[in-house]
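# Descriptive analysis of the structure
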Amino acid sequence: MDSSQFRKAAHAAIEDIIKYRDTISERNVLPSISPGYLGPLLPDAAPEDGEEWSKIQSDIDRVIMPGLTHWQSPKFMAFYPCNASLPGILGDMYSGAFNAAAFNWICSPAVTELETIVMDWVGKLINLPDCYRSDGEGGGIIQGTASEVVVTAVVAARERILRRRLIDMPEGEEKIDKMAEMRGKLVAMGSEHAHSSTQKAAIIAGTRFRAVPAPQSAGFAVTKAALRKTIEECKARGLEPFYYTATLGSTATCAIDDLVGIAELAKEFPDIWIHVDAAYAGSALICPEYQHLTKPMEDFDSFNFNLHKWLLVNFDCSAFYIKRRKDLIDTYSIVPSYLRNNFSESGLVTDYRDWQIPLGRRFRSLKVWFVLRTYGVNGLRVLIRNHIKLGEYFHSLLLSRTDVFKVITGPAFALTTFVLNPKKVEGATEAQDLLAGNKLTQEVYEAVNRKGEFFLTSGVLDGVYAIRVVSATENAEEKYLKALFEGLIELAGEYRDGYRD
Ligand code: PLP
């Protein structure tokens, strides 16, 4: 493809993208194809000769569109959002054009320096304590996903505790043996409602994992007492808890752990690395009314949130902040001769490869920069507050029909979880009611997704099967929540009648 062909193709692609985004609400969110749909639509092998862009582009509609789940639709209310935006798309375009594996500062100084500056901007914007800023001992780095951040933190925490425990031991075989023995006793911890990424990170790090109970009576959050109990139980068994993921907005209900209490524990157990995962809810910290939540971070080690969830930066973009960047560098800096250069040796530059697991890195800060400048802080606050209001609106709809629905949690950061009440039966036990309610809720939930117009997710909370609704796409509006609500009422009527027959 030469420049003039690219110009024509790119213009056509942009027109296509604009049309797609402008008409997205007219589509069902979920595709209606079956697994394996794509194979018969494509040839068995790559074409021998190059094809015209117009032919390739036409296959987007024919081949790709039928298999898409439309995450940018206002009728997407599943999981958490994954919001793209037009300035974010422009950022990705430029990043593609400059394409580089910018692992060292010299590999593309603008990639490193813009990332440092933009991460400091964002840290300030969400009121993260100054200790996370790059002008002190801390700093921010962009990673792909929260899961990558958590693995990076868990492995660094594991190495930090081994270094601390074996500081006086001379290097050599004996130390290596001791480290291997100690690793088997290390325990990473996370709330029972923390995202599965902590458990996965423990598997990758070769440590144990322990879930800290977070029952409904505690609002599905981890309390200081619960964390202390888990730590003490581990210690009583001769194990060494070394890491905890505190959650600011759990996946199931958007619950917030007792961060103030956990900060007190952090002072008592300074060898436990505390990481705060605010993957979704962290974006709300741009609004002053949520910023009191960041105070305890002073006593923690690291923090992350995904700008690609709620802050309009295209996937992937997880902001990872560290209080002492040395904790990462001590683990991840390995410098073979082919990576050496005078700038790195000078100590005047940041080489982000020393803060992360992969070597190469994309120019992700461009899309953050474009989004922040296009919307401005005020524009982004309007977006978040609008979604919070929509959450309250949906919650009020549920409360207007307590004969049909029961709210389980929320609205919390726009997420509400709820169940459907089964038909009353004289003399039914609590257990029978629970079973009937679970079945009814699951049936209705599955019926909504089968229709495909809306996409919801569900979860089991202390044995209760609950539907989650979070409407936080850029184009979210009350009318879509109203339509969903009316659809739920209709389905409730269908499934509830004769349900216990
Ligand atoms: N942490 C929380 C609280 C989440 O809700 C999620 C996903 O929804 C994740 C982590 C994982 O995010 P990622 O896909 O960025 O790894």
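Fair warning: this is a prediction, and the values are worked out from it, not measured in the lab.

## Side note on the overall build of the chain
Helix and strand counts for the chain stand at 15 helices and 11 strands. In summary, the chain has a C-alpha radius of gyration of 25 Å against a globular reference of 23 Å for 501 residues, a match within 12%. Taking the principal axes of the C-alpha coordinates as reference, the chain spans close to 75 × 70 × 50 Å. Classification of the 501 residues of the chain by burial places 42% in the buried group. Once local pairs closer than 6 in sequence are excluded, the contacts in the chain between residues at least 24 apart make up 72%.

## A closer look at helix α14 (residues 430-451)
An ideal rise of 1.5 Å per residue puts 32 Å on 22 residues; α14 measures up with 32 Å between its terminal C-alpha atoms. Residues of α14 that are buried: A436, L440, T441, V444, Y445 and V448. An end-on view of α14 places all buried positions within 160 degrees of arc, on one side of the element. Within α14, the exposed residues directed more than 90 degrees away from the buried face are A431 and R450.

## A look at the domain arrangement of the chain
Partitioning the chain into structural domains gives domain 1 (1-30 + 69-84 + 376-501) and domain 2 (148-332). For domain 1 versus domain 2, the distance between C-alpha centres works out to 30 Å. With 21 residues of domain 1 at the contact, the number on the domain 2 side is 20 residues. Of all elements in the fold, only α13 (365-399), β8 (405-412), β9 (415-420) and β10 (457-461) reach the threshold of two or more residues within the side of domain 1 that touches domain 2. Per element, the largest residue contribution to the side of domain 1 that touches domain 2 is 5 residues, and it comes from α13. Its residues placed into classes, the side of domain 1 that touches domain 2 shows 12 nonpolar, 5 polar and 4 charged.

## Overview of the UniProt feature "modified residue: N6-(pyridoxal phosphate)lysine" (unreviewed entry) in the chain
Sequence positions flagged by UniProt for "modified residue: N6-(pyridoxal phosphate)lysine" (unreviewed entry) are, in local numbering, K309. By the secondary structure assignment, K309 is in helix α10 (residues 307-310). Excluding residues within four positions of it along the chain, K309 makes contact with Y80, P81, C82, A279, Y280 and S283.

## Let's talk about the sheet that holds strand β11 (residues 464-470)
Taken together, 4 strands build an open sheet; the order of strands is β8-β9-β11-β10 and the sheet is antiparallel. Each having just a single partner strand, β8 and β10 make up the two edges of the open sheet. Strand after strand, the sheet turns through a mean of 30 degrees between neighbouring axes, direction not considered. Relative to β9, β8 runs antiparallel, the two sharing 5 bridges. Of the residues in β9, the one forming a bridge with K406 is V419. With respect to the sheet, α13 is in contact with β8, β9 and β11, its orientation differing from that of β8 by roughly 165 degrees.

## Here's the deal with the site of the ligand
Around the ligand, a shell composed of 16 residues is seen, among which T145, A146, S147, H195 and A279 lie nearest. By residue class, the composition of the shell around the ligand is 5 nonpolar, 10 polar and 1 charged.

## Observations regarding the nonpolar core
If you look at the biggest cluster of nonpolar residues, it comprises 125 residues, and the most contacted ones within it are V154, A188, F242 and Y243. If one sorts the elements of this core by residue count, helix α5 (residues 146-165) sits on top with 11 residues. Residue-level mapping places this core at the junction of two domains, with at least three residues from each of domain 1 (1-30 + 69-84 + 376-501) and domain 2 (148-332). Those residues in contact with A188 that lie beyond four places of it in its chain are V154, T198, A201, A202, A205, T207, F209, F242 and Y243.

## Digging into the packing of helix α3 (residues 86-98) against α13
Two numbers describe how α3 lies on α13: the axes approach to 8 Å, and their chain directions differ by 150 degrees. By the angle between their axes, α3 is roughly antiparallel relative to α13. The handedness of the crossing between α3 and α13 is right-handed. Touching P87, G88, L90, G91, D92, Y94 and S95 of α3 are L366, K367, F370, V371 and T374, all from α13.

## A look at unusual backbone geometry
Look at the link from F315 to D316: it is a cis peptide, with omega at 10 degrees. Within the fold, D316 resides in the loop between α10 and β7 (318-322). A cis amide bond links G410 with the next residue in sequence, P411, at an omega value of 10 degrees. A positive phi is found at L312, a non-glycine position, where the angle reads about 70 degrees. Within the fold, L312 resides in the loop between α10 and β7. The exposure class of L312 is buried, given the 27 C-beta atoms found within 10 Å. Positive phi is not limited to glycine here, since D462 has a value of about 50 degrees. Looking at where D462 falls in the secondary structure, it is placed in the loop between β10 and β11. For D462, a count of 12 C-beta atoms within 10 Å corresponds to the exposed category.

## Some words on the pairing of β11
Burial of β11 is extensive: 6 of the 7 residues sit out of reach of the surface. Where β9 lies against β11, 4 bridges are found, and the strand directions are antiparallel. Counted as the bridge partner of T417 is R468 from β11. Here β10 hands over to β11 after 2 residues, with D462 in that stretch at a positive phi of 50 degrees.

The rules behind each value
Residues numbered from 1 in each chain as written. Predicted model: local features only at pLDDT ≥ 70, side-chain atom pairs only at ≥ 80, totals over all residues. Helix = DSSP H or I, 4+ residues; strand = E, 2+ residues; numbered from the N terminus. Rg over C-alpha atoms; globule rule 2.2 N^0.38 Å. Buried ≥ 20, exposed ≤ 12 C-beta atoms within 10 Å, placed from the backbone. Contact = placed C-beta atoms within 7 Å. Expected span 1.5 Å × (residues − 1). Arc of directions from axis to C-beta. Domains from an automatic or database assignment. Nonpolar A, V, L, I, M, F, W, Y, C, P; charged D, E, K, R; others polar. UniProt positions renumbered as here; feature names shortened; annotations may be inferred. Pairing = 2+ DSSP bridges. Axes fitted to C-alpha atoms, helices over the stretch in contact; angles between N-to-C directions. Near = placed C-beta within 6 Å. Core = buried A, V, L, I, M, F, W, Y, C linked by C-beta atoms within 7 Å. Parallel < 35°, antiparallel > 145°, perpendicular 65-115°, else oblique. Left-handed = near helix turned anticlockwise from the far one by under 90°.

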